[in-house]
Structures are given as structure tokens and as C-alpha cells.
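Here's the letter readout for the chains.
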Amino acid sequence: MATLVPRIAQEKQENKTYLDVVNSHEELCGLRKTLMSRIDLVIEQANNDKQVYSEYSYLWTESRQEYLFYFLHFARQLTEEEIALFEEDERSVKKVAPILGQFKEQIDHYEAIHTEAMKIGGIKTFEKWFRADIRPFKQTLLNTIKRWSWAFKKNLLDHVIDSLEELNEFIKVTEAGLSVEVAEGDYDNLIKVMEFLQMVKDKQTAYDEMFDPLKDVITVISLYEVDIPEKTLLQLQELPEKWACTKRLSVTAKQAAAPLQGQEVGKLKARIDEYDVKQKEARAKYQQMRFYSYNCKSPYEHLSTANTEIEFLESHVKELQSEAALFEVTVPDFPLIEQCRMENKFLKQLWDYTFLVRTSIDEWKTTAWKDIDVENMDMECKKFAKDIRGFDKEMREWNTFKGLETTVKNMLTSLRAVGELQNPAIRERHWEQLVQTTRVRFCMTEETSLADLLSLSLHNHEDEVHNIVDKACKEMAMEKMLKDLNLTWKSMEFDHENHKRTGNKLLRASEDLIEILEENQVQLQNMMSSKFIGYFLEDISRWQKTLCVVDHVITLWFDVQRTWNHLESIFVGSDDIRLQLPEDSKRFDDTNKVFTALMTEMAAIPNVIEATSKQGLAEELEIIQAALSLCEKALAEYLETKRLAFPRFYFASSADLLDILSNGNQPLLVARHLTKLFDAMAKIKMLEEDGNITNTAIRMTAKDSEEVDFSEHCLCEGQVEKWLNKLMDTMRATMRFQFTQAMETYEDTPREKWLFHYPAQVSLAGTQIWWTSEVSSSFNRLEEGYENSLKDYYKKQIGQLNNLITLLLGSLSKGDRQKVMTICTIDVHSRDVVSKMITQKIESAFSFCWQSQLRHRWDDDEEDCFANICDAQFRYSHEYLGNTPRLVITPLTDRCYITLTQSLHLIMGGAPQGPAGTGKTETTKDLGRAIGIMVYVFNCSEQMDYKSCGNIFKGLAQTGAWGCFDEFNRITVEVLSVIAVQVKCIQDAIREKKITFDFMNSNIPMNPTIGYFITMNPGYAGRAELPENLKVLFRPCAMCVPDLRLICEIMLVAEGFLEARTLSRKFITLYTLCKELLSKQDHYDWGLRAIKSVLVVAGSLKRSERDRPEDQVLMRALRDFNTPKIVADDTPVFLGLISDLFPNLDVPRKRDPVFEKSVKMAACDLKLQPEENFIMKICQLDELLTVRHSVFIVGDSGTGKTKTWKTLIKTYQNLGQNPTHTDLNPKAVTNDELYGVINAATREWKDGLFSNIMRDLANLTTEGPKWIVLDGDIDPMWIES
């Protein structure tokens, strides 16, 4: 309102209202704020007071009528769930009438509320200024409470009044009815009197017990001052007497009517008998009605007539029953009428459904053929059948029911047939066959309807229709197959590739072509065996013949092409072969002309069928193949002569041997294959004269880059097998010469200088020779009485070992470091042997403790080195071994050496066997290195047969080398049995000291230094049990888990660690605890190989940081090398073990910031996020690859395994390292396809996918990383090979 009040005094240009003035006045604003706060306080207090009265709200919100209704029916108030159930079904909640006490409880409850409400005050004042008048509310509340109370009081009062009025009225009517005079023969009045007598009898009990409860009600409602009408009180006094008079009157009336009643009972029984006869007649007549027949024309008329008659008979029964009840006569049941009533009801239901079915079928019959919806019709029919099965069992014998059921069943059968006939495979010939089967004239047109089809009585010919449709489907499938064949082979063409040398077009059959050909041949074969082939027999036979020709020609062609491709480069490209095999060369030239012409013809016709269907092509290919086989056989015989001339050719593949032979006059080209023929020799240096390279070799270079000058120049001219033999002799002579020189200068030169003057092999063997010599001297001095001779020598050994460790800590080249580490490894064992002999107080050189050691000695008479162990002696073979590491010698190694050397001494083979990682193969190789002999290791597999094994034994017998057959028991038992005979043949020749012996139908020379060893792991899948005749030829040696702590200690010493013993204990303790405490993951390895890798890392770290304490170096190596393979759950446990073994050490991880930056750039180049953990994993992979040849990248799908190695490859590319990688899934191909297989017929080895990739990468001259990524599940069946 203040906005509407204008100001009296207004300044110019002001337009303010009174509200504006108030709002701008500070004092007025304060007063207004105080006023409003007081008002809010009063409102709050009033609202709080109002809450006190809300507990009475149900009195005016709930319905009194509804509450009273539920109380009167259930004596309580129902819950919401019970109310919902009651509204759905009144029988769901049990009804209970309330008793008088419950009424009193309800009335008392509301009276108490009324008394409580009376105490509510009339006026209430809040904060001394706000007054509330509560009197109107109070009055209204009291009135409402009274209404609730009165509802229950009024119900009780009404009950009393109504009950008394009802009784009063009943007495008046009954007395009047019983007072009527009944004469003899007055049947109607007699019935009325009897009815009143029955009524009195029925109500007597209820009325007798009515008065006391009514008096109790009067007493209760009187307590609440309810006005009871005078009339009601008077009736309550008078009615008991009146009711007694009525009962006496009924007794009198009954006695008066008794004679008449007897007469009427007889008449009533006669009428009952009469009715029984009528019901039988009616039943007989009912059963003759026509509506029982399915062919009834007007069933409803007959049912209506029958219903009228049944109703008449039922009314008659009711009259008899009511009269019989009055006269207390028992009326029998009349089941025939009840049966008629029930059957009439069932028949009505049955005929209703019959007309429904008939109407539906008649409607369907008008449907045109192309519009017939069999699925919906079938569903409807099935619903009809289901409903019919649900009818009462009484109906099932009726003709109408049977007719309806048959109609529906026939319709279902016909619809199935119609559905099958809708198949698109149905042709005109099939309709004609259907007409012949049903013998009904029928013609399929667009106007054909379902009625026409049903006229064929398909339900009687369901099997015939099914057979016709089945035949049509099979013929349609054949028709489609023939169309597909036509389309497929019309466009099927050969692929071509150019031959590298000649440029001829070589045929290539894609995998799709071969797969489709095989599949189509199988399909045609299946069709030929089908009984529905009749219509397409000619086409299928033609196609089968065509594809058989294609298959035969393709098989022949590729056999010929494979053989020609193999022989072409040999007979055309190798002049040496042409000179050696002139007749076969001429035969090949003639065959080559014919096959080249054929290739030209085939290249001009790309289509497969056209190309292979040339007349006489198969016969021509067979002739070519026969000629090529003769050439191949002659070549194999020629190669065998070369192998006999230089037996090491047995260990080279045919392809490599042919390459060697074709380049025999070019030694540098042959030198590419030296690693396959010699243990370590990889290159030879040729003499240069006037800037020209001659064929004279002056130096050999090992795989590890160690160079050794020949003691005499070796002329590499003439036949390759001859100069290779000369080269091998020169190699051995050189090594023997180096040995002689080393033995002469050892005592004149300090040992730590002497070892750098000679090749690593000579230095190592020399130290072992002098160790044997010096120990023997110590024993001699011991025998002379000098008791401390061994102890003095032990001190000398420690000094020598410390000198070597000092060298290792210095700056050495890679080759010199390896040489010193190897000598250091053997020296540690030598020291331990002397220490053991001192501890055991050995005093004689003939004690077993000394005799069981492998002792090298120099024989001045023979001027050669010999190795002795127990009673076995071996001449040093002087095979050049290069600068290779040697195994740590443990007590297990010593035992294995004794067993293997004794087996050779006894002219037997050795058979180390035991779990993986126990050193079976490596110990055998190391023993071979110890006596300077060539050791060939063969990884055995199921593909090895007796011929391939025989060729290996041929080579070993002639070269005198050792063969180690790894996983020997993977070879099949049949082959092992033949191998036993081959080995026995060799043993017999050695035992009889034969110079030559007969082996596999060939007379070959025998070199008695031959040794053959088999290693086995009995716990793996796919292993065979060795035959008994093979077991006895080999001396077994059980290999158990070696002394890891000792190995660790010796390797630490070799890497230059001074605290080796303490650190080795910590190392092995950590790995033992990891094996026990960490989870069992498939990729965890806590064995010997893993230990060796970590020690190599530790050595490199020590050399890179010489000043860092040794425990920190080892701790870093253990942590950083193992962390990448530890799963997340095990990482805290592993790090906890590290911290316990190396307390208070926190060495930072060695990082390469430049390399990490390159990794991040590579990740960005590949559109990947350079996340820190991802970059760390890539760096860890790079670190692993520096110490391991093979690395597993394991993890769940989607964890970035592939992206990790691809990012590292990209990093190498960015750094200019020129990496090469090939990835394949090894599970996608068979083992034969992966590794290769020997052709059983031609004995030709066919390289597998992995073998080819390995060879290609090995032949690359680049220095960058070369990876083969095997991306697939790990499976022992492929990974072991």
C-alpha cells in the first residue's frame, strides 16, 4: 500500500513514493525488521501449537461408513493389503462377526477421546499480543467425536429394534397361517399349514436364544444414556410369552394335520415313482436326438427343443422336492435328467466350436495359392486341436467330437503338405508327380486356391508329398551346386611367378584353388551317392570327371615343377655338376626343353580347367617326372660320393652342399658355410699378392671374431671336398702348433701375460695342463716329505685367481674379457678341488678324489695333449673352438663327466636324463670342448626317421665327432628300434677296431673317436619309452638340480666380484624365497638359466660403475632384471624380499635419458600416448634383449604386448639401427609347416616357414636387430623345437 501513498512535499524531478522513503530511512527499516521477526516468531509458535491437534485428524479424514463396514464384517480394521485382496475377491479374507464386548471397546475409545478433547482451552495468547480463539474448532471436534461414537451405538440400537420387529411380524403371520381349518382333501391349505410348521421348526432355535443377548445390548447402550423407544422395551417384555404361545399353537396344528398328512405322503410317493419312469423315457428319447451326429444339419434347433423338455422335467423335480421336504419324505436323485442337462451344455459348447472351426476352414479355402499363409493357419489349427483336447472326457466318444477332431487333424496334415509344396524348389515336374500320386486331375495356375489343393486329399498322402518335396529340395541344392561350380571354375585361374634364373612363368596354385578343388570333389562325390541324382546324373558325372583331371594334372604338374625347380639351378647353373654327370645333364636338358615349352603353353591359358584339360598332358607330365627322378637319383648318388669324401657334408643340407660344390673354386663363397662344417671357424683370410686375392688361406676367424693365423698356409684349390679336408687338417695342425708353443713359454712368462699371447682355447687348455702338472708335482713333493706342498700350491692358486680378478676389473677388450672370465671359471674349480683334497687330507696322486677329475696333460714324446679321467684317456682332437665361455664345474658336472667318459671308454653311448635346466646338453657339449672335439647337437622330433638318423651316424662315424641327440625320446618307437641296430653296428666296429665297416649297405671308414649321447626329459608330453635293445647301448646318467649357490659364486668371481660368496648366498636365497612365496605364474623362472642372465647383467653393471659397492650392483641387477616379469600382485612381496636381503639400500634404476626420449618419439610416431609405464616397459624389453636371445612378452588381451615391441622396433629405426622383424602365429600352421619335413619318398628336406625365416635373417649382412616374433599361444609341441 505504501507505494500508492504520494508524498505531500516533493522536490522537482523526484518521483518517489512513500515506500521508497521508508526503505531509505534507516530507523524505519530497523523497526520494520524487528516487527517482522516478532511476527515470524508468533507464526512459528502458532504452527507448533497446531501440531498438537493434528493427532485428531483421522476423525475427519477417514470414512465412518467404511470403518463401520469392515468392523461389522471382520470385527477389526483391515490392512491395506487385506483391503486390496478383499476388493478382488470377498472370500479371500475370513469374515468374523464382532461380539458385544468389541462394540463396547469402540464406544469407550471414542468417549475417552471426547473427554480428552473437552480439556482443550478456548482462547490462547502468543507473545502477549497475538490471541487465537480455539472454541469453534473445539466444538466441531467434539461433534465429530460424538458422531463416531453414535455410529456404533446406533448400530446396536437398530439391531435390537429390527430383531424384535422381525420376531413380532413372524408371530402374527404364523398364528394366522396355523389357525386355518384344513378339511379332508383340502391339499392346498394342508401344504400352507405344513409350510408354516416347517418355518417354526427352522427358526425355533434362533428365536429361543435371541432374548438374552438383546437384553445385554439394552444394558450396554443404557450406560451411554441412549434413548430406547418405549415400544421396544414393551416388545422385549411381551414377545417371549407370545413366542411360547406360537410354539404351542404349532404343536396343536401339527397334531390336527397328522391324519391328512399320512394320506398325502402315499400320494406323493406314487408321483415320485411316476416321475422316475418319465425321466427314463426322456433320457432314451434324448439319446436318439440327431445332434450327436457330426453331419447334423440343424443342431441348434434340436438342442433348443431338448433344453425345453429338460427345463420342464427339472421344474417338476423341484415341486416334488419342496413337497417332500414338507412331508419329511426322502426324494431320490434323478441322475438321468442331470446327465441330459450336462450333455446338453457340452453339446452346445461342442457345436459352437465346430461351427467356429468350419467357418475358419471355409474362409481359408478361398485363399489364393500364392497368398496362403501356412504358418498362421497352422498356428490356428494347433490352437483348435489344443482347445479340443481340453474338452470334457465325456464328449470323446460322441460322433460330433470325433468328426471335429478328424477335421482339424486332417487340416493340420494338409497344411503341412501345403507348406512343403510352397517350397521354391518345387518345379513343374514335381506337380506332375503329385498328380500321379493322388490320382486327381489338377492343374497349378495363379487362380488355384487352398480348396483345390485340399481336394487332392493331401492328408492321405503326407509321406508321398514329403518325399516329393524332399526330392525337390535335394535337386534344387544340386542345381545350385552345379551353377556355383560353373561360376567358380569359369573364373578360377592359376597364379604365376617368374623363375629367378630363367624368367619362365611358374604356375602357382593359391590355397583357395586347392581348398575349393578338394571341397568340390567331396561335394560331387556326395551327390553321386545321393538317391536323387537321376535328373542331374549326366552333369554331375561330367563335372566329376573334369575335376578329377584337374586334380591329377595339378598334382603331377607341381611335383614336376618342384623337382625341375630344384634340379634346374644344379644341372644348368653348375658347371661342376655338368662335368661330373654328363649323361644326366643331357637327359635334364632334353626334359628341360619339353617342360619349358609346356610352361609357356600353360602361361598362355590362365583358366584352370582349360589349361588342365589338354589332351595327353597328364601322360606327358608323368614321362617328364620319370626323367627328372632319374636325374635326381643320379644327383643324390653324386652328393653321397662328396659326403664320403668330406664326411662333415653329412651335417649340411642338400641345398647348402650344392651351393658349396657349385662354388668350389671360390673359397670365399664357400666360407659362408664354414659355420655349418666347423665348430667355431666362420671366415678365412686369403693371401693377397699384388692387390689380388689368391686361393691361399692364411688365417681363420671364429664366430666370436677371434683370429688365429695358420701355422702353414692352406691352398684352397681343386675339388672342394679335398681342399676342405686340407683346411681341416691345417686347422688342427695350427692348434697343435699353438699348444706346443704355449707349453714351451708358460714357465718363462708371467701367467697373466702369457694367456694373452695365445688363442683362448690354447690358453684355457694350457692352464689346465699346468694345473695337472703342478698338482702332480705337489703330490711328488708330498711323498718326499714336504707336508705343506698342497697348501703352498693352494695359496699360489688364490694369488693367480686374484690376479685374474684384477684383470677383469681393468679395461679389457670384449674377447680378452671373455678369455679371462673362462679361465677364471675353470681356475675356481681347480682351487676348490685342491681345497677339497687338503680338507680330506689326500696324500696320493692315485686317490679317487684326484683320479676322478678331468686332468689334461702334455705328452712330450707324442707332443700332444691328452685328457685323463679315472681309467679313461682321450687324445685332444684340436678342433678350433674359438673364444667360447665354459660351464661352471660343480660336483654334479664331475659325476656326469665320469659317467660319460666311462661310457665312451666302455664303447657305449651316454644318456643324461633329468628335468629341464639341469645342464644335460650343455654338460655334454662342455665335455666335448674340454677335449677339443666337434660336438653336433640335434634337436630330435617326430619327423626324424631311420634314414635321416642313419645319415647322421654315417657322418659321425667318419668324422669321429660327437653327436648329442637332444630330447631323443621324441622320436617314434618304430624309428628308435632301427636306431638301436645302427648304434650297435657302430659299437661293434669300434670294439673290433675296424678301419672300415658296413653301414646301411655302404662300406665307410671308421674314426674311433666317435661319441653319441642322448638327452631326455621324461616328464614332458609326447615322449616315447626307449626300447630295451636301445637302452642297453647307452649308459644312463641322472641329472638333478645343480648346486646353484656354487654356480652363482663362481660366475660372480668370473664377472669380477670380490665378495662372491656372500653375494651368492643372498642371490640364491632371494630366488628360493621367490619360488616359494610368489604366485605360481607360467612365465616365472627361478632356475639356472634365469640366474645366469642376471649375473651377466650384474657383471656389465659392475664394469660400467667400478666405484659402486658390489652389493648395490647386485641388488640393482636383481631388482631391475626381475621387476618386468613380476605380476602386480607379487611386486610388493618381491620388493620386500629385496629390501630384507639388502637392507638400507635404495639404488636408483639405471636409465638412459636419450634412449627414453627416442622411445617417446617413436610412440608418438605410432599415434600412441607416451605414458610413463608404457615407456618403462619398452625400456625393460630393450634391457632384456641385451642379455637374452629369447624373450616372452606375456599378459592379458589388450595390455599392449604387440604395441610394446612395435614401438621398440620404431625406436631402433629412428636411431638408425636398421632393425628387421618378421611376425607369425605358430598355432596357425602344423609343426611340419612351421619347421619343415623330410619327404619320405625323395628323402628331400623341405624347409618350414620358421626355418625359411631363420635362414633369411641369418643370411642378412646388416648388423641391426633381427627379430622373429611368434605371436600366439605357447605350446610345448611347437616351442621345444
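The rules behind these values
- Residues numbered from 1 in each chain as written.
- Predicted model: local features only at pLDDT ≥ 70, side-chain atom pairs only at ≥ 80, totals over all residues.
- Heavy atoms only, no water.
- 1 Å grid on protein atoms, 1.4 Å probe; cavity = no way out; pocket = protein on both sides within 12 Å on 5 of 7 lines; lining within 4 Å.
- Points joined across faces, edges and corners; volume = space filled by probe spheres on them.
- Helix = DSSP H or I, 4+ residues; strand = E, 2+ residues; numbered from the N terminus.
- Nonpolar A, V, L, I, M, F, W, Y, C, P; charged D, E, K, R; others polar.
- Phe/Tyr/Trp six-rings, centres within 6.5 Å; stacked < 30°, edge-to-face > 60°.
- Buried < 20%, exposed > 50% of the residue type's maximum accessible area, 1.4 Å probe, protein only.
- Lys NZ or Arg CZ within 6 Å of the ring centre and 35° of its normal.
- Pairing = 2+ DSSP bridges.
- Axes fitted to C-alpha atoms, helices over the stretch in contact; angles between N-to-C directions.
- Contact = heavy atoms within 4.5 Å.
- Disulfide = S-S within 2.5 Å.
- Polar contact = N/O pair within 3.5 Å; in protein donor to acceptor, adjacent residues only side chain to side chain.
- Salt bridge = Lys/Arg side-chain N within 4 Å of Asp/Glu carboxyl O.
- Core = buried A, V, L, I, M, F, W, Y, C linked by side-chain atoms within 4.5 Å.
- Parallel < 35°, antiparallel > 145°, perpendicular 65-115°, else oblique.
- Left-handed = near helix turned anticlockwise from the far one by under 90°.

A. Highlighting the layout of surface pockets. Quantified by volume, the second largest pocket comes out at close to 550 Å³. Forming the boundary of the second largest pocket are 22 residues, of which Phe874, Leu904, Ile990, Pro1008 and Thr1009 lie nearest the centre. Among the secondary structure elements, those contributing two or more residues to the lining of the second largest pocket are strand E10 (872-875), helix H33 (891-905) and helix H36 (973-991). Broken down by element, the residue count for the lining of the second largest pocket peaks at four residues, all from E10. When its residues are assigned to classes, the lining of the second largest pocket shows 14 nonpolar, five polar and three charged.

B. Main features of the packing of aromatic side chains. Applying the stated criterion to the full structure yields 31 aromatic pairs. Measuring from ring centre to ring centre gives 6.1 Å for Phe779 and Trp850, while their planes differ by 55°; the resulting arrangement is tilted. Of this pair, Phe779 sits in helix H29 (residues 760-783) while Trp850 sits in helix H32 (residues 848-851), and the two are 71 residues apart along the sequence. Both residues of the pair, Phe779 and Trp850, belong to the buried class. Each ring, one from Tyr1212 and one from Trp1267, has its centre 5.9 Å from the other, and the planes form 75°; the classification is edge-to-face. One end of the pair, Tyr1212, is in helix H45 (residues 1201-1214); the other, Trp1267, is in strand E21 (residues 1266-1270), and 55 residues separate them in sequence. Taken together through their ring pairs, the aromatic side chains of Phe651, Tyr936, Phe938, Phe953, Phe965, Phe968, Tyr1012 and Phe1034 make up a single cluster. Of note, Lys1102 hangs over the ring of Phe1057, and the distance from its end group to the ring centre comes to 5.4 Å. The ring of Trp1086 has Lys1125 lying over it, and the distance from NZ or CZ to the ring centre is 4.5 Å.

C. Layout of unusual backbone geometry. Positive phi is not limited to glycine here, since Glu967 has a value of about 50°. Locating Glu967 in the fold gives a position in the loop between strand E13 (962-966) and H36. A relative accessible area of 12% means that Glu967 is categorised as buried.

D. Molecular detail of the sheet that holds strand E6 (residues 692-702). With respect to topology, three strands assemble into an open sheet ordered E5-E6-E7, the strand pairing being antiparallel. Each edge of the sheet is formed by a strand with only one pairing partner; in this case those strands are strand E5 (681-689) and strand E7 (707-715). Here the strands of the sheet are splayed against their neighbours by 35° on average, with no regard to which way each runs. Taken strand by strand, helix H27 (residues 720-745) contacts E5, E6 and E7, and its axis lies near 130° from that of E7.

E. Local environment of the state of the cysteines. All chains considered together, the criterion is met by zero disulfides. Cys716 provides the cysteine sulfur closest to Cys714, a residue in no disulfide bond, and the two sulfurs are 4.3 Å apart. Among the residues examined, Cys714 registers a relative accessible area of 1% and is labelled buried.

F. The side chain of Asn883, seen in detail. One can find Asn883 in the loop between E10 and H33. Only 2.6 Å separates the side chain of Asn883 from the backbone oxygen of Gly815, close enough to count as a polar contact. Setting aside anything within four residues of it in sequence, one finds Asn883 in contact with Asp704, Glu706, Ala760, Gly815, Gln818 and Lys819.

G. Inspection of the pattern of salt bridges at higher detail. A complete count under the given rule lists 37 salt bridges for this structure. One salt bridge in this structure joins Lys984 and Asp988, with 3.0 Å as the shortest N-O distance. With Lys984 and Asp988 both in helix H36 and four residues apart, this pair spans about one turn of that helix. Measuring nitrogen to oxygen at the nearest pair gives 3.0 Å for the salt bridge that ties Arg1061 to Glu1049. Residue Arg1061 is located in helix H39 (residues 1060-1077), and its partner Glu1049 is located in helix H38 (residues 1044-1054); the two are separated by twelve residues in the primary sequence. Judged by its relative accessible area of 44%, Arg1061 is partly exposed. One salt-bridge network, held together by shared partners, links Arg736, Glu862, Asp864 and Arg875.

H. Broad picture of empty space enclosed by the protein. Taken as a whole and judged by the stated rule, the model has five cavities of 30 Å³ or more. Going through the elements one at a time, H29, helix H31 (814-839) and helix H34 (920-930) are the ones with two or more residues in the lining of the largest cavity. Counting residues per element, the lining of the largest cavity draws most heavily on H29, at five residues. Split by residue class, the lining of the largest cavity holds seven nonpolar, seven polar and three charged.

I. Region of the structure containing the nonpolar core. Trp489, Leu724, Leu727 and Phe1067 are the most contacted members of the largest nonpolar core, which totals 145 residues. With 14 residues, the top contributor of residues to this core is helix H19 (residues 537-571). Excluding anything up to four places from it in sequence, Trp489 contacts Ile516, Leu517, Asn520, Trp543, Leu547, Val550, Asn607, Val608 and Ile609. By size, the runner-up hydrophobic cluster in this structure holds 40 residues, among which are Leu164, Val200, Ile218 and Trp243.

J. Inspection of the sheet that holds strand E8 (residues 855-859) at higher detail. Taking strand neighbours across the sheet as the criterion, the three strands line up as E8-E9-E10 in an open arrangement whose pairing is antiparallel. Of all the strands in the sheet, just E8 and E10 have a single pairing partner and so form its edges. Going across the sheet, the axis of each strand differs from the next one's by a mean of 30°, ignoring polarity. Here four bridges tie strand E9 (residues 864-869) to E10, and the two strands are oriented antiparallel to one another. What sits directly across from Ala867, in E10, is Phe874.

K. Broad picture of the packing of H33 against H34. Orientation of H33 relative to H34, taken along the N-to-C sense of each, is 70°, at an axis distance of 10 Å. Our classification of the angle between H33 and H34 gives roughly perpendicular. For the pair H33 and H34, the sense of crossing is right-handed. Residues Thr893, Cys896, Tyr897, Leu900 and Thr901 of H33 lie in contact with H34, whose contacting residues are Thr923, Thr924, Asp926 and Leu927.

L. Inspection of helix H24 (residues 654-662) at higher detail. Turning to H24, its buried residues are Asp656, Leu657, Leu658, Ile660 and Leu661. Buried residues along H24 sit against H19, helix H20 (575-580), helix H23 (617-645), helix H25 (667-670), helix H26 (674-677) and H27.

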